[in-house]
Amino acid sequence: MIEIRRLSKRNRDGTLALDDISISVRAGESHCLVGSAESGRPTLIGVCLSAIRPTSGEVLIAGVDVVRRPVQARRLVAFAGSHASLYGSLTIRQNVEFFTRLAGVHNAAAPGVVENGLRWAGVPERHFDVTLRNVGSGTAVLAWFAIASVRDTPVVILADPTRGVSPRTRLAMQDCVADLRAQGKAILATTTDLAFASAFDRIGVFHAGRIVAERSSAEVMNQSLAQFALELGGQLPLDPNHS
Amino acid sequence: MGNSRLTRTTVELPVILLPQMKRVWLILLHELASQAANTWIRVATAGAVLLALLVARTGSEDYRIRYDQFVQLSEQLDATRTRKSGLSGLGLDVGLRVLHAPAIGSTLVRGLESSMPIYWDFSPSGVVSGPTTPSLAQDSEVGSVLDLESLVRTVLGLLALVLGLHMVAGERAAGTLSGLLSQPVHRAAIAIGKILAGALTLGAALVLSSFAAVGSVAIQFPEVRTSNNVQALLGFGVAAFLYLVVLLALGMIIGALTRAYSTALILGISIWVYVAFVGPQLVVFAVRTVAPVASAHQQELERQKVFDARLRNAQVSIGQRFPELGGREALALDYVPKSNVREEIERLWKSEALETRRIVEAIDERLVQGRLRQARLMRWFALASPGSVLLNAATNLADTGRPTLERWERDVRDQQRTLNKLLFDDPPRLILLVPGGSLSGFNRRPLPTLKTIRPFEMRVPDSLRRVRDSATELIVLVVYLLFGVGSAVATFPHAELAEEALRH
């Protein structure tokens, strides 16, 4: 579903933001990359969403090249970003309605569709009609998961969703990831939160634009996550609130 | 092969475009709702409406001052014209005076109204301009007076630019742009949706401000409601709307090309200062430097000096040739010289008069050509700034611009030429200076009265003519709009899901 082949991105100053990255995530698989913001993590997400043009290599979403057919590729991807990328002046429900309708979900306005998505994501019902700026950032990020649920795309990309959220919300997000994977979706996530990463099938350590280590979840479970990260990835921030 | 490709393209295009149009509509509605709920936009619009009421009040008071003076001068002129005595053609006659009627459009767009003479007099040497119109504000050459046009150019212009900045740089700084750009929507669709929403918001602010100003003036001066003026106001509305969308697009381009919101804001405000204030001032300064022209008053003084010197020379030289005219009571007008003497004097006088006319007309022509060149340059230089283009379009439509001034001056010059033929170059009375310094003269024919002179008629331009006068400006604003909107759409993809946005 997600095929990243020999992807590189050179910055204007000549440094490599991405250095020969290759990742493959099939349907029903989840893959999480752990690394700091400086590791090139946001650049990778930017390329996958056809917002940043790579220097070389390619990214295929269900066989669609993100550079050649960006809109068609984004149609196959549900993106969950931070709470700040939703509209603070709109309610949670309005945000979900807007983004799902924008993505072309025609029945988004039908009764129950958005509500079901919000319930599935674990957004408390009392928050449905509260403006986003008046709810916690965790609840706001769950709205992105609701959008992903309503859109029902084969691929889901998560960009550091647990930043600044409570452990309880993180658990809700982990449930969402497990559920999405069970639905047969391919999930690619980036995070600095090692605990969140444990919910994924495969975990890669991203450092200086490269994947310096990669383990299956089962392998990682046999050792301390932090130990794994420090051992293989080098300087990783362990505080999930720090990017 | 060719046919199948054509068929595929024809089928694919609506399939691609139709959903994008629906998304444009969604973004448009979303932006409109967000802008309607934005406190700053509401405050700016309310401020613009209040200012519109204020400028309408000032404009009305200003117009009333000029109109009252016009009425007073008209009454004085009517009284003068009832006199029975004839016109000697020897000097300036107040009875021939042409009054400048103030344009009702000046209540809303002051333009050059305050720098136009109140009246023009006609003398043997040529047109003599009266003092300029009294005004609450003295210098309106570059629209420094706050009127409806300058309100649009400055206050609503700032709103348009900041709105454009907010829609790209503001959203990027807030982080919402990354959410929007992650959706399966063509960036052009997002940009177009935003531009349309911004244009509608600005249109609403413009309509509210204009209605406040026009309504306030129309209550005091019902003549504003004539179809001619309403059409010109609609033309102004179109020009103002085009200008505001240009600034909106400019704000979006700046927002897309700069990374930090603070940089975008500083750059945006600098451009606004240029477009709204410095640009129009710069145009006038540059043109006056490149093509300086003496003031009409200076030119008239120079012409009068030349004329007086030549007149005196003619009086003396002809008088010296006919000493027999001396030795009698000065200006014994019933005196009739012998026919051969009279013919000779008239022949000499005519030859001198024609030569003098050629010289003074050359002085006038120099001024006219200089001013025409300046006006042409002014028009071309103005194209470099949308603010100047709006100023010119608005003044032309309000009948207070350069074409109006030129039309008045042209018609007044035509009247002078008519009077030259009827009176000044064929004077009913001749005065000579005979040796010994005494004046001597005689009537050549009965003196004409004011009734025999065709009264001056100023052609009031209809709305079509005013639109034609501002056609270049309207076309240039459309070009600015197409270029601005095209660039805003083209640069929008550069407002990428940048790394900074993803770090939010």
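Residues numbered from 1 in each chain as written. Chains lettered and ligands numbered in written order. Predicted model: local features only at pLDDT ≥ 70, side-chain atom pairs only at ≥ 80, totals over all residues.

What should I look at first to understand the sheet that holds strand β6 (residues 77-80) of chain A in this one?
Backbone hydrogen bonds are what pair the strands of a sheet, in a parallel or an antiparallel way. Residue and element names in this part refer to chain A. With mixed pairing, the six strands of this open sheet are ordered in space as β6-β7-β8-β3-β9-β10. Only two strands of the sheet have a single partner each, and these edge strands are β6 and β10 (210-216). Across the sheet, the mean angle from the axis of one strand to that of its neighbour is 15°, orientation sign disregarded. Judged from the five bridges that link them, strand β3 (residues 30-34) and strand β8 (residues 186-191) form a sheet pairing that is parallel. If you follow L33 over to β8, its bridge partner there is T190. Sheet strands touched by helix α1 (residues 41-48): β3, β7 (155-159), β8 and β9 (202-207). Its angle to β8, the strand with the most contacts, is close to 150°. In this fold helix α6 (residues 167-182) packs onto β3, β7 and β8, with an angle of close to 155° to the strand it touches most, β8. (Pairing = 2+ DSSP bridges. Helix = DSSP H or I, 4+ residues; strand = E, 2+ residues; numbered from the N terminus. Axes fitted to C-alpha atoms, helices over the stretch in contact; angles between N-to-C directions. Contact = placed C-beta atoms within 7 Å.)

What should I look at first to understand the interface of chain B and chain A in this one?
Quoted interface sizes are often the accessible area lost when the parts come together. Facing the 23 residues of chain B at the interface are 27 residues of chain A. Among the secondary structure elements, those contributing two or more residues to the side of chain B that touches chain A are α1 (2-36), α4 (176-181) and α14 (499-502) of chain B. By residue number, the principal contributor to the side of chain B that touches chain A is α1(B), which donates five residues. Classifying every residue of the side of chain B that touches chain A by side-chain character gives nine nonpolar, ten polar and four charged. (Nonpolar A, V, L, I, M, F, W, Y, C, P; charged D, E, K, R; others polar.)

Teacher, can you tell me more about helix α9 (residues 339-382) of chain B here?
Residues spaced three or four apart along an α-helix face the same direction, because each turn holds 3.6 residues. Residue and element names in this part refer to chain B. The first and last C-alpha atoms of α9 sit 62 Å apart over 44 residues, in line with the 64 Å expected at 1.5 Å per residue. Taken residue by residue, α9 has I345, A353, T356, V360, R371 and A382 as its buried positions. Buried-residue contacts for α9 involve β3 (126-129), α7 (261-290), α8 (296-321), α10 (386-397) and β4 (429-434). (Expected span 1.5 Å × (residues − 1). Buried ≥ 20, exposed ≤ 12 C-beta atoms within 10 Å, placed from the backbone.)

How should the domain arrangement of chain A be read in this particular structure?
All names here are of chain A. Segmentation of chain A into domains returns domain 1 (1-76 + 154-243) and domain 2 (83-152). Relative to domain 2, the C-alpha centre of domain 1 lies at a distance of 23 Å. Contact residues are listed per partner, giving ten residues for domain 1 and ten residues for domain 2. Classifying every residue of the side of domain 1 that touches domain 2 gives six nonpolar, three polar and one charged. (Domains from an automatic or database assignment.)

Just to check I follow, could you spell out unusual backbone geometry for this structure?
Glycine aside, residues mostly have negative phi, and peptide bonds are mostly found in the trans state. All names here are of chain A. A positive phi angle, near 45°, is found at R6, a position not held by glycine. The exposed category is assigned to R6, around which 12 C-beta atoms lie within 10 Å. One non-glycine residue with positive phi stands out, namely S50, at about 55°. If you trace the backbone, S50 turns up in the loop between α1 and β4 (56-61). Taking the C-beta count within 10 Å as the criterion, S50 has 29 such neighbours and is therefore assigned buried.

Just checking my understanding: could you explain the pairing of β7(A) for this structure?
Residues in a regular strand project their side chains so that they alternate between the two faces of the sheet. Residues and elements named next belong to chain A. Counting buried positions along β7 gives five out of five residues, so the element sits mostly inside the fold. Burial along β7 is two-sided: V155, I157 and A159 facing one way and V156 and L158 facing the other are all buried. The pairing of β6 with β7 spans four bridges and is classified as parallel. Of the residues in β7, the one forming a bridge with A80 is L158. When β7 meets β8, the two strands line up parallel, connected through five bridges. Of the residues in β8, the one forming a bridge with A159 is T190.

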